Amino acid sequence: SSNEYACFLNSTFVDDNGIAAYRDNIFQALHQSVVSAYELYGFPGEDRRQSCLNADKWDKHVSHTMRYLGFLIDTRVLSVTWPFDKREDLRADITEALANRRRVNPRLLARILGKVESASLIAPWGGYITASVRLALNRAARQNANRVRAFWHRGLMRLFASVIKDLMIILVALAEPEWSPT
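Residues numbered from 1 in each chain as written. Predicted model: local features only at pLDDT ≥ 70, side-chain atom pairs only at ≥ 80, totals over all residues. Heavy atoms only, no water.

**Student:** Describe the overall build of the chain, naming the residues involved and giving the relevant values.
**Tutor:** Each helix and strand in the chain was counted, giving 8 helices and 3 strands. The helix and strand sequence of the chain, counted from the amino end, reads α-α-β-β-β-α-α-α-α-α-α. Buried positions account for 31% of the 182 residues belonging to the chain. Nonlocal contacts in the chain, meaning residues at least 24 apart in sequence, comprise 55% of its contacts between residues at least 6 apart. For the chain, the exposed area adds up to about 12,600 Å²; of that, 56% sits on carbon and sulfur atoms. (Helix = DSSP H or I, 4+ residues; strand = E, 2+ residues; numbered from the N terminus. Buried < 20%, exposed > 50% of the residue type's maximum accessible area, 1.4 Å probe, protein only. Contact = heavy atoms within 4.5 Å. Areas by Shrake-Rupley, 256 points an atom, 1.4 Å probe, with all protein chains shown as cover.)

**Student:** Kindly report on the sheet that holds strand S3 (residues 79-81), identifying the contributing residues and their values.
**Tutor:** Taken together, 3 strands build an open sheet; the order of strands is S1-S2-S3 and the sheet is antiparallel. Both outer strands of the open sheet, strand S1 (65-68) and S3, are each paired with one neighbouring strand and no more. Averaged over neighbouring strand pairs, the angle between their axes works out to 25° when direction is ignored. Sheet analysis places S1 next to strand S2 (residues 71-74), joined by 4 bridges and oriented antiparallel. Note that in S2 the partner of Arg 67 across the bridge is Leu 72. (Pairing = 2+ DSSP bridges. Axes fitted to C-alpha atoms, helices over the stretch in contact; angles between N-to-C directions.)

**Student:** Residues and numbers for the pairing of S2, please.
**Tutor:** Once S1 ends, the chain turns through 2 residues before running back antiparallel as S2, passing Leu 69 with a positive phi of about 50°. For S2 and S3, the ladder comprises 3 bridges, and the chain directions are antiparallel. Each bridged residue has a counterpart across the sheet, and for Leu 72 the counterpart in S3 is Thr 81. Hairpin connection from S2 to S3: 4 residues lie between these consecutive antiparallel strands, with Leu 78 at a positive phi of about 55°.

**Student:** Lay out the packing of aromatic side chains with the relevant residues and their values.
**Tutor:** Under the defined criterion, the tally for this structure stands at 2 aromatic pairs. With a centroid separation of 5.5 Å and 45° between ring planes, the pair formed by Tyr 38 and Phe 43 is classed as tilted. We classify Tyr 38 as buried; its relative accessible area is 17%. Of the residues examined, Phe 43 reaches a relative accessible area of 33% and is grouped as partly exposed. Ring centres 5.2 Å apart and planes at 70° place the aromatic pair Phe 151 and Trp 152 in the edge-to-face group. (Phe/Tyr/Trp six-rings, centres within 6.5 Å; stacked < 30°, edge-to-face > 60°.)

**Student:** Can you tell me about helix H4 (residues 106-119), naming the residues and giving the values?
**Tutor:** Taking 1.5 Å per residue, 14 residues should reach 20 Å; H4 reaches 20 Å between its end C-alpha atoms and fits that length. In this fold, the buried residues of H4 make contact with S2, helix H3 (84-99), helix H5 (125-129), helix H6 (131-143), helix H7 (148-154) and helix H8 (161-174). Sitting at the head of H4, Asn 105 places a side-chain oxygen 2.6 Å from the backbone nitrogen of Arg 107. (Expected span 1.5 Å × (residues − 1). Polar contact = N/O pair within 3.5 Å; in protein donor to acceptor, adjacent residues only side chain to side chain.)

So, in structure tokens, the structure goes:
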């Protein structure tokens, strides 16, 4: 409300944030956000820690798309996607795993699983499509239970046909355009 805007207490939380308010008073609202952050966490140069507001985290241009918690959000079309750089990183890991199907490091498969699990927040099929990878990794870990550390650092495992098929399906999905619903 206009009353709240005139006398607002703008407490920030741990992450960098700002309140844009109304267009005609945006500078006052941003100033209030910055000052409240400094009052809570210390002014630059007066504290042994670096500034609580990191200028590198702020976008220089206002946009309807934003990157938040590792996802790209488009507020105009109300959609969420996984950024291209993350998809390329996963594609490189899967390509590496498929290049030598008989001798794959279990840490590489665990890394692939972790990335797909992260993406599963917006693509629920990810958890289902990686079931064979998860089962193969669990089976290999159980078989090597007596030498766990060696297994994770120097161990190698063979990819089964079902794992290869699932990884290929993910590769096809990663080739889709960035805002694809898949």
